[in-house]
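Spelled out from the first residue to the last, the chains are:
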Amino acid sequence: MPETVTREDADGVATITMLRAGLTSQSRGELLDAVRAVGADGSVRAVVLTGTGRAFCVGQDLAQHVEALRGDAPSSLSVVEDEYNPLVLALAGLRVPVVVAVNGACAGAGLGLALAGDLRIAAAGAKFTTAFAGIGLSSDSALASRLVHCVGGSRATEILLLPDAFPAETAAMWGLVHRVVAPEQVLPEARALAARLAAGPTAAYRALKTVLATAATDSLEDTLALEARLQRELGTTADHREAVEAFLEKRPPRFTGH
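Residues numbered from 1 in each chain as written. Predicted model: local features only at pLDDT ≥ 70, side-chain atom pairs only at ≥ 80, totals over all residues. Heavy atoms only, no water.

*Asks:* Teacher, can you tell me more about helix 11 (residues 238-248) here?
*Replies:* Each turn of an α-helix holds 3.6 residues, which means side chains three or four residues apart point in the same direction. Taken residue by residue, helix 11 has Asp239, Glu242 and Ala246 as its buried positions. With its buried residues spanning 60° around the axis, helix 11 presents them on a single face. The outward face of helix 11, more than 90 degrees from its buried face, is lined by the exposed residues Phe247 and Leu248. Taken together, the buried residues of helix 11 touch helix 9 (202-214). Backbone geometry just downstream of helix 11 places Lys250 in the positive-phi region, at approximately 55°. (Buried < 20%, exposed > 50% of the residue type's maximum accessible area, 1.4 Å probe, protein only. Helix = DSSP H or I, 4+ residues; strand = E, 2+ residues; numbered from the N terminus. Arc of directions from axis to C-beta. Contact = heavy atoms within 4.5 Å.)

*Asks:* What am I meant to see in the sheet that holds strand 9 (residues 166-167) here?
*Replies:* Here we have 4 strands laid out as an open sheet, ordered 4-6-8-9, and mixed in their pairing. At either end of the open sheet lies a strand with only one pairing partner, and these are strand 4 (55-57) and strand 9. Pairing analysis gives 2 bridges linking strand 4 to strand 6 (residues 105-107), with the strands arranged parallel. Each residue of the ladder has a partner; that of Cys57, found in strand 6, is Cys106. Contacts from helix 4 (residues 109-116) reach strand 4, strand 6 and strand 8 (127-129), with the element oriented near 95° to strand 6. (Pairing = 2+ DSSP bridges. Axes fitted to C-alpha atoms, helices over the stretch in contact; angles between N-to-C directions.)

*Asks:* Whenever I open this one, the packing of helix 4 against helix 5 (residues 143-151) confuses me. Can you help?
*Replies:* Angle between the axes and distance between the axes are the two parameters that describe a pair of packed helices. Remark: helix 4 packs on helix 5, axes separated minimally by 9 Å, with the N-to-C direction vectors making an angle of 55°. Relative to helix 5, the element helix 4 lies oblique. Considering the relative orientation of helix 4 and helix 5, their crossing is left-handed. In contact with Leu111, Gly112, Leu115 and Ala116 of helix 4, helix 5 contributes Leu143, Arg146, Leu147 and Cys150. Counted by class, the contact of helix 4 with helix 5 contains 6 nonpolar, 1 polar and 1 charged residues. (Parallel < 35°, antiparallel > 145°, perpendicular 65-115°, else oblique. Left-handed = near helix turned anticlockwise from the far one by under 90°. Nonpolar A, V, L, I, M, F, W, Y, C, P; charged D, E, K, R; others polar.)

*Asks:* Is there a simple way to explain the side chain of Thr4 in this structure?
*Replies:* With respect to the helices and strands, Thr4 occurs in the segment before strand 1 (5-10). A relative accessible area of 5% places Thr4 in the buried class. Here Glu30 takes part through its side chain, which lies 2.6 Å from a polar atom of the side chain of Thr4. In this structure Thr4 touches Thr17, Met18, Leu19, Arg20, Gln26, Ser27 and Glu30, once residues within four positions along its chain are discounted. (Polar contact = N/O pair within 3.5 Å; in protein donor to acceptor, adjacent residues only side chain to side chain.)

*Asks:* How should I be thinking about the packing of helix 1 (residues 25-39) against helix 3 (residues 79-92) in this particular structure?
*Replies:* The interhelical angle for the contact between helix 1 and helix 3, taken along N-to-C directions, is 30°, at an axis separation of 9 Å. Taken together, helix 1 and helix 3 sit at an angle that is classed as roughly parallel. Along this stretch, helix 1 crosses helix 3, giving a crossing that reads as left-handed. Contacts from Ser25, Arg28, Leu31, Leu32, Val35 and Arg36 of helix 1 reach helix 3 at Val79, Glu83, Tyr84, Pro86, Leu87, Ala90 and Leu91. For the contact of helix 1 with helix 3, the class distribution of residues is 9 nonpolar, 1 polar and 3 charged.

*Asks:* Is there a simple way to think about the pattern of salt bridges in this case?
*Replies:* Proximity of charged atoms lets side chains of opposite charge pair with each other. All chains considered together, the criterion is met by 10 salt bridges. Between Glu83 and Arg28 there is a salt bridge, with its nearest N and O atoms 2.7 Å apart. Remark: Arg28 occurs in helix 1 and Glu83 occurs in helix 3; sequence separation between them is 55 residues. For the pair Glu83 and Arg28, one class covers both residues: buried. Linking Arg229 and Glu233 is a salt bridge whose minimum nitrogen-to-oxygen distance equals 2.9 Å. Of this pair, Arg229 and Glu233 are both found in helix 10 (residues 220-234), 4 residues apart, which corresponds to roughly one turn of the helix. Salt bridges sharing partners connect three or more residues here, namely Arg7, Asp9 and Asp41. (Salt bridge = Lys/Arg side-chain N within 4 Å of Asp/Glu carboxyl O.)

Below you can see the structure in the form of structure tokens.
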């Protein structure tokens, strides 16, 4: 049984909870297993990712990292390729909407994990930091790329080179999080949002995630071609037909994801 990660399912929403603030080899492995499991579960229509206590995730467990450095420094950093990269790719590759409930401190690779989700709800006063430069490292977990996409190159440069902590309210102003709520409301709000998404046109959400994944780097021609292909596919779905019929009948649509 996993010791550092839990999963709870209700009404098509899978809630994955990290029980440790710092990421160890064990917790990274268990989180990767959980993400892959929900990705392979056809009953899951939305995902919530959250932490516990006063922290969402503060990145690498430095105690374990120092121990590894003292033993074999070069091999200690292979975890970026071997463990962090597969985890970020698995999160980003989920085909259903991912709501991140940032219940507390969010730092380093923890911020990378948060930005790998689609929508973020943060606790008022929760602290964010990129952290890496403060310990003499560059970024990992696709943090540089995500920050550039979220806040632009200039702001990304500032918060990576000057890894000062900033509160959730500033993160919202910069566009890193979408809602800031009272700490006790973070998980209920995230689950409510995920439930709304789970009841929606998940095939359309999947297509939108596909377009958004490359929209910042694709040419206009490539984006138009991708949108056209996806629209042709979605135009034949039961959800699209149901939504049109519901509009004409002036009633809420009932989506099935097909």
